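Architecture at a glance
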Amino acid sequence: SGSTNWHGSARVRKKNADIVIESRLVGISSSLPEPFNKIAVEALPLRFERKLLAEPQRTARRNVGQRAAPPPTPPSPRDQIDLALGNILAARLLRRFENEKPLLERGAVSIGAPLVLPEKGLTLEVNLQKIDADFWRGQFIRGGDGDALPLTAIGLKAGELTVYGHSFHDLGVMASPKEGGWHAQVKSRELSGDLDWRGQGAGRLFGHLKQFALNDTAKATAVASAPGELPGLDIEVEQFLLRGKPFGVLKVSADNIKGVWEAKLDIDNEDGKLSGTGKWQPSPTLADTRMQFTLTAKSIEKLLTRLGYPNAVRRGQATLEGSLSWNGTPFAIDYPSLDGALSILASGGQFNKLEPGAGRLLGILSLQSLPRRITLDFRDVFSEGFAFDTIAGQFNLSHGVMESKDLRIQGPAAKILMSGSVNLPQETQNLKVRVQPAIGESLSVGAILMAHPAAGAIAYLVQKLLRDPLDQAFAYEYAVTGTWTDPKVDKLSAPQVQDPGRPASE
């Protein structure tokens, strides 16, 4: 005996305790990510079946003269549930009932993969070309804590998976429960290694990765808009790459405390080291992201090469320290709201001749724009690379405008004094540059050689006691304005050389 009922485009068949529900889902549309999206006129077969599983009754044997054995305990009722959604999804669950409560014996769920039933437990296999993990993560967060399936293994393959705004390609994941959380082995073009997840509170992710590459941090600005959604982190990466540049060993430790994400960061390689701490907390009145950092360059030349600016500087060591804040996430600096303070101290290097467009901000320090815009004989000093003994200065930032009053560049050929501002969002500058050619000591040496050692010594002492009067007498001042790519240079003053044909009173 059985029955068939139609509800819209669905057909329900009942036979005893068995149930079959079938539908072509015509008239139903879905805006879920692929492969679950469909238009209303499109057919997508759905089939659900539940059937009881009969177990044979076992008859107890007894020998002649032996008392009859007690009747066997009746087996627990069991059933099987099958679900299929076109060629996209398939699932099978085997259950038994104890005191009318269903208990899962084993089962499998597959999406885009063959359905294989394990010996025990519940497995999930996913094999898709694209997976938008950010979408599904948002659905689970909004959907509450509901009872999760008691998964015992997860296998995942994806041509591209997107999570927290970052994409990972040719991804393979094998995960299983461990110590109240999950352990996963991950391999992709951008990331490979071991991850452990603990789900208490906002969750915490532990990881030891061989490689981690981030190629596009701009998408993360829109996706990771709430720090309360980010887990705590304890991650170590043997080789960290950012936009294809090798940065070396990365260590990140972060805590999510009442919706405030606080992190500590260390990046170390043989050419330099970056250490910093930061805090991310959305605020209507204060900056969302705040950080303090110290960058030490053991070799400016090699570190800039890592950053994508080869041959910009020869040799040199430097330390850059500062505190910065801006509106938005830590994953991308918002220059129009950037505030803070920086200090730099560098020594023992030489600027190379930079290619046009490369290192535009670095080009301000190299002063390559001066020989191109003025007719003075500084080409041997700046055009082919200005050598510096020291660079020292302090910078204040307000809404993306960086200002300095005391940037000093000391070199064997000249002393440079710079003051003014640089607009980072607009990539413009408004600077006053004073160039003092280093001629005082040369004249002293010349006096020693051509006149008398005593005269040379006196000249040298006068030069130093009066703070390089000869250098200052031959100093030039310029105004450097305009854009970084097309700066405008105007002469403000030049050495005052008196015309011998004019009286001194004129």
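Please read all numbers here as calculations on a predicted model, not as lab measurements. (Residues numbered from 1 in each chain as written. Predicted model: local features only at pLDDT ≥ 70, side-chain atom pairs only at ≥ 80, totals over all residues. Heavy atoms only, no water.)

1. Here's the deal with the overall build of the protein
- The helix and strand tally for the protein stands at nine helices and 26 strands.
- Here the protein, with 506 residues, has 37% of them falling under the buried criterion.
- Across the protein, every contact between residues at least 6 apart in sequence was considered, and the portion connecting residues at least 24 apart equals 47%.
- As displayed, the protein has an accessible area near 30,000 Å², and 55% of this comes from carbon and sulfur atoms. (Helix = DSSP H or I, 4+ residues; strand = E, 2+ residues; numbered from the N terminus. Buried < 20%, exposed > 50% of the residue type's maximum accessible area, 1.4 Å probe, protein only. Contact = heavy atoms within 4.5 Å. Areas by Shrake-Rupley, 256 points an atom, 1.4 Å probe, with all protein chains shown as cover.)

2. Some points on the packing of aromatic side chains
- Per the counting criterion, the structure on display carries seven aromatic pairs.
- Arranged with centres 6.3 Å apart and planes meeting at 20 degrees, the rings of Phe-168 and Phe-212 form a pair that is stacked. Within this pair, whereas Phe-168 is found in strand β10 (residues 166-178), its partner Phe-212 is found in strand β13 (residues 204-214), the two being separated by 44 residues in sequence.
- The class of Phe-168 is buried, set by a relative accessible area of 9%.
- Look at Phe-212 and you get buried, because its relative accessible area is 17%.
- Consider the rings of Phe-351 and Phe-388, whose centres lie 5.3 Å apart with planes at 50 degrees: the pair is tilted. Of this pair, Phe-351 sits in strand β20 (residues 339-351) while Phe-388 sits in strand β21 (residues 387-398), and the two are 37 residues apart along the sequence. The burial state of Phe-351 is the same as that of Phe-388; both residues are buried. (Phe/Tyr/Trp six-rings, centres within 6.5 Å; stacked < 30°, edge-to-face > 60°.)

3. Quick notes on the nonpolar core
- The biggest cluster of nonpolar side chains holds 42 residues, and the ones touching the most others in it are Leu-156, Phe-212 and Phe-240.
- If you tally residues by element for this core, the top one is strand β8 (residues 121-132), at five residues.
- Beyond its immediate sequence surroundings of up to four residues, Phe-212 is in contact with Phe-168, Glu-190, Leu-191, Val-237, Gln-239, Phe-240 and Leu-241.
- Ranked by size, the runner-up nonpolar core spans 39 residues in total, among them Ile-300, Val-313, Ile-364 and Phe-388. (Core = buried A, V, L, I, M, F, W, Y, C linked by side-chain atoms within 4.5 Å.)

4. Considering the pattern of salt bridges
- Enumeration according to the criterion identifies 15 salt bridges in this entry.
- Linking Arg-78 and Glu-105 is a salt bridge whose minimum nitrogen-to-oxygen distance equals 3.1 Å. Note that Arg-78 is positioned in strand β5 (residues 78-85) and Glu-105 in strand β7 (residues 101-111), a separation of 27 residues in sequence.
- Judged by relative accessible area, which is 18%, Arg-78 ranks as buried.
- A salt bridge links Arg-95 to Asp-79, with the nearest nitrogen and oxygen atoms 2.7 Å apart. Here Arg-95 is found in strand β6 (residues 89-98), whereas its partner Asp-79 is found in strand β5, with 16 residues between them in sequence.
- On the basis of relative accessible area, Arg-95 is assigned to the buried category, the value being 19%.
- Residue class for Asp-79 comes out buried when judged on its relative accessible area of 0%. (Salt bridge = Lys/Arg side-chain N within 4 Å of Asp/Glu carboxyl O.)

5. Observations concerning a positive patch on the surface
- Where like charges cluster on the molecular surface, the positive patch consists of Lys-251, Lys-264, Lys-273 and Lys-298.
- Relative to the elements of secondary structure, Lys-264 occurs in strand β16 (residues 260-269). (Patch = residues over 30% accessible without salt bridge, like charges linked within 9 Å, V, L, I, M, F, W, Y side chains within 5 Å. Lys, Arg positive; Asp, Glu negative; His and termini not counted. Charge placed at Lys NZ, Arg CZ, Asp CG, Glu CD.)

6. A short note on the side chain of Arg-198
- Mapping Arg-198 onto the fold places it in strand β12 (residues 191-198).
- A distance of 3.2 Å separates the side chain of Arg-198 from the side chain of Glu-179, its partner in a polar contact.
- Excluding residues that lie within four positions of it along the chain, Arg-198 makes contacts with Lys-178, Glu-179, Gly-181, Trp-182, Gly-203, Arg-204 and Phe-206. (Polar contact = N/O pair within 3.5 Å; in protein donor to acceptor, adjacent residues only side chain to side chain.)

7. Concerning unusual backbone geometry
- For the bond running from Glu-34 to Pro-35, omega is 10 degrees, close enough to zero to count as cis.
- For Pro-35, the location among the structural elements is in the loop between β3 (18-23) and β4 (46-53).
- Phi at Asp-170 takes a positive value of approximately 50 degrees, unusual for a residue other than glycine.
- Relative to the elements of secondary structure, Asp-170 occurs in strand β10.
- The phi dihedral of Arg-315 falls on the positive side, at around 55 degrees, and the residue is not glycine.
- If you trace the backbone, Arg-315 turns up in strand β19 (residues 313-326).

8. Looking at the side chain of His-183
- Along the chain, His-183 falls in strand β11 (residues 181-187).
- When neighbours within four sequence positions are excluded, His-183 is seen to be in contact with Met-174, Ala-175, Ser-176, Lys-178, Asp-194, Leu-195 and Asp-196.

9. Some words on the confidence of the model for the protein
- Averaged over the protein, the pLDDT score is 81; the fraction of residues at 70 or greater is 74%.
- Per-residue pLDDT, averaged within each element of the protein, yields its smallest value for strand β1 (residues 3-7) (42) and its largest for strand β18 (residues 289-297) (96).
- Low pLDDT, under 50, characterises residues 441-450; the stretch is placed with 13 contacts to residues that sit more than four places away or in other chains. (pLDDT = per-residue confidence, 0-100.)

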